[in-house]
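Overview (structure and organization)
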Amino acid sequence: MNTQRIAFLGLSVSRYVSVLLMVLVSTGVFANDEADSPAAIQSAFKEAQKQVNAGQYLNAATTYFNLYTLDGKHQAVSLALLTENLILAGYPNAAAFFYIRTLETGHRPAIRRILTHLPTMIDAVGGDLLRKYLLKYTSEADYDAATRTHFFYSQGKNELFNQNPQAALKALANVSSGGGVMAQAAYLKGSAYAMLGQNNNAIASFEACRRMASRVESRYRSMSREADDLEARCTAGIARTYYQAGDHDKADDFYDEIPKSSFVWTDILFEQAWNAFGKGEYNRALGKLVTYRSPSLNFVFNPEVDVLRAQSFFALCSYEDVNQTVNEFTATYSHVGSQMKGFLLENSNNLSAFYGLAKQTYFRKLHTKDMLQRALNRFVRGPYFASMLAQERATERELFRLKSMREEGSQLRFRAFLQKALAFRQNTVRQVGGAFVKNSMLDLYQDLLSNLDKMSYIKLGMLGRSKQQLERKQALSTDEDGVLKRGSDDVSRKEYQYYWSFNGEFWIEELGDYVFALESQCGS
């Protein structure tokens, strides 16, 4: 799995809460001369505790909110208790705003109180929203044994994001069981070891990740598919590490273990083609790549497939095929490249536009002729963006519940404020999700430019060869049983594979197992 670059560019939480509170105070919401007297405040704390004991968490949150806006001395504690009771009442998205605000107070007892609810918050709102604040405003000493592992996991992920694998490994070494992130931490450790070239350690970590992935506690998973997806990615990590180590046969074995039903398999197929190319099995590489011509995979957007196809034909000196592949590439991707460039430039400061475009794509049909939608499908169909949509829906449900309640007095005012807090939460979802989409689209556009350059170099190299070789046409022949005779000498057959002629039809169980039979024309 590629490291996801998330740039949270939302509103300043401190500024946002200050503006909202100024609005409430300026309207005289809590204009009561005796409300902030010591006796009244003490009475309010006792009333809130009674409400908590009775399981009336939303009412308790209302009381603590009133105390928060009135009592400067106990403001941080009131804020923490307000946050806690919103979480207990089943409003984690509304609580997110106050959770971050509590972290920003720097008040240790208040911070430590809300950190006990960190697993619930991560499950509800995701780690990307909170990670920046956790790393900035908390330290190891603030966590209890049950939540400390989340701190180290966030720290390790942040270090890996910043290309510091040694520091990432140091932090991830402190991640322990019971936090629900052991498998994810093992995946990050494997990635860090691979970056350092410590292949044996990388393989051991990815193996551990794979073993644990199926046992990840559902409480800590925002998407039901995440465990299966993680297991497939860990297996891919093993294969990639063997490829990095030059052991192509081992890499092949592990690539073959990834189920075709997994989300990552369409990318794995391409990696297998590269692995075959690295072994000099150009016909097997071409066979892997032709699978993308299957109608069941026509949603896939991966320009590098055509680049590798051209390179494979070039390695076989089949220049007519090289020329055709380069021309098809230019015709297919030039327009969508212009579309991506235009959207990136027009919406460079509008993350909501990126989120909106991705959301529209997610809810449209997977199989489409629209090349921009195909491009977006590379990342919007994955668990990460799906979790963003799930968080948005959860926020909308909380908002609906609030609006459906009968309210009066301070409850009415508090819940009006909660609606503003939920609006803030909706904004963070769209900002974080939009940043993910923008960064992914930018990476895809840059890759497309790079692939255009590669195709130009391939064509220049081809033009430097003999014109007679360029015009030669390859003929295939088979024996009476339909088994390919020519050009199969560069392909090794595994025990669980057998030769079968291709009649132009794609079968689901055969996808990824095709092999070309082109004879090399080099030196002819």
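Definitions and cut-offs
Residues numbered from 1 in each chain as written. Predicted model: local features only at pLDDT ≥ 70, side-chain atom pairs only at ≥ 80, totals over all residues. Heavy atoms only, no water. pLDDT = per-residue confidence, 0-100. Contact = heavy atoms within 4.5 Å. Phe/Tyr/Trp six-rings, centres within 6.5 Å; stacked < 30°, edge-to-face > 60°. Helix = DSSP H or I, 4+ residues; strand = E, 2+ residues; numbered from the N terminus. Buried < 20%, exposed > 50% of the residue type's maximum accessible area, 1.4 Å probe, protein only. Salt bridge = Lys/Arg side-chain N within 4 Å of Asp/Glu carboxyl O. Core = buried A, V, L, I, M, F, W, Y, C linked by side-chain atoms within 4.5 Å. Disulfide = S-S within 2.5 Å. Axes fitted to C-alpha atoms, helices over the stretch in contact; angles between N-to-C directions. Left-handed = near helix turned anticlockwise from the far one by under 90°. Nonpolar A, V, L, I, M, F, W, Y, C, P; charged D, E, K, R; others polar.

With respect to the confidence of the model for the protein chain
- Summary statistics for the protein chain give a mean pLDDT of 83 and a share of 80% for residues scoring 70 or more.
- Note on residues 1–14: pLDDT under 50 across the span, and 39 contacts to partners over four residues away in sequence or across chains.

Regarding the packing of aromatic side chains
- Under the criterion given, the structure shown has 22 aromatic pairs.
- Where F45 meets Y64, the ring centres are 6.2 Å apart and the plane angle is 55 degrees; that geometry is what we call tilted. Placement of F45 in helix α2 (residues 38–53) and of Y64 in helix α3 (residues 57–70) is noted, with a sequence separation of 19 residues between them.
- Between F65 and F98, the ring centres sit 6.4 Å apart and the planes meet at 80 degrees, which makes this aromatic pair edge-to-face. Of this pair, F65 sits in helix α3 while F98 sits in helix α5 (residues 92–105), placing them 33 residues apart in sequence. The pair F65 / F98 is uniform in exposure class, with both members buried.

Considerations on the pattern of salt bridges
- Throughout the structure, instances matching the rule amount to 17 salt bridges.
- Taking the shortest distance from any N to any O, the salt bridge between R131 and D128 comes out at 2.6 Å. With a gap of 3 residues between them, R131 and D128 both fall in helix α8 (residues 127–137), about one helical turn apart. For the pair R131 and D128, a shared accessibility class is recorded, and that class is buried.
- Several salt bridges share partner residues, and in doing so they unite R108, R112 and D142 into one network.

Some words on the nonpolar core
- Ranked by size, the top nonpolar core spans 99 residues in total, and within it L82, L86, F98, Y99 and L130 carry the most contacts.
- When sequence neighbours within four positions are dropped, the list of residues in contact with L82 reads A61, Y64, F65, F98 and F414.
- Membership of the second largest hydrophobic core comes to 43 residues, among which are V307, V322, V326 and M462.

Some remarks on the state of the cysteines
- Throughout the structure, instances matching the rule amount to 2 disulfides.
- Covalent S-S linkage joins C209 and C234, the inter-sulfur distance amounting to 1.7 Å. With C209 in helix α12 (residues 199–213) and C234 in helix α13 (residues 226–244), the pair connects residues that are 25 residues apart, well separated along the chain. Across this residue pair, the class does not change: C209 and C234 are buried.
- One disulfide in the model links C317 with C522; its S-S distance is 1.9 Å. Handedness of the C317-C522 disulfide follows from its S-S torsion of about 95 degrees: it is right-handed. In this pair, C317 sits in the loop between α17 (304–315) and α18 (319–346) while C522 sits in the segment after α23 (467–471), placing the two residues 205 residues apart along the sequence.
- With a relative accessible area of 37%, C522 lands in the partly exposed category.
- When the cysteines of the protein chain that form disulfides are numbered from the N-terminus onward, they connect as 1-2, 3-4.

A few points about the environment of A394
- Tracing the backbone shows A394 in helix α21 (residues 383–404).
- Sequence-wise, A394 and N93 are 301 residues apart; in three dimensions their C-alpha atoms are separated by 7.6 Å.

Quick word on helix α20 (residues 371–380)
- Most of α20 sits inside the fold, with 9 of its 10 residues counted as buried.
- Buried within α20 we find M371, L372, Q373, R374, A375, L376, N377, F379 and V380.

What about the packing of α5 against helix α7 (residues 118–125)?
- Between α5 and α7, the shortest axis-to-axis distance is 10 Å and the interhelical angle comes to 115 degrees. Regarding α5 and α7, the two cross each other, and that crossing is left-handed. Of the residues in α7, those touching α5 at P92, N93, A95, A96 and Y99 are L118, M121, A124 and V125.
- A per-class count over the contact of α5 with α7 returns 8 nonpolar, 1 polar and no charged.

Brief notes about the side chain of S205
- As for its placement among the helices and strands, S205 is situated in helix α12.
- Accessibility expressed as a relative area gives 9% for S205, which makes it buried.
- Sequence-distant contacts of S205, that is, excluding residues within four places in its chain, are made with A186, K189, G190 and Y193.

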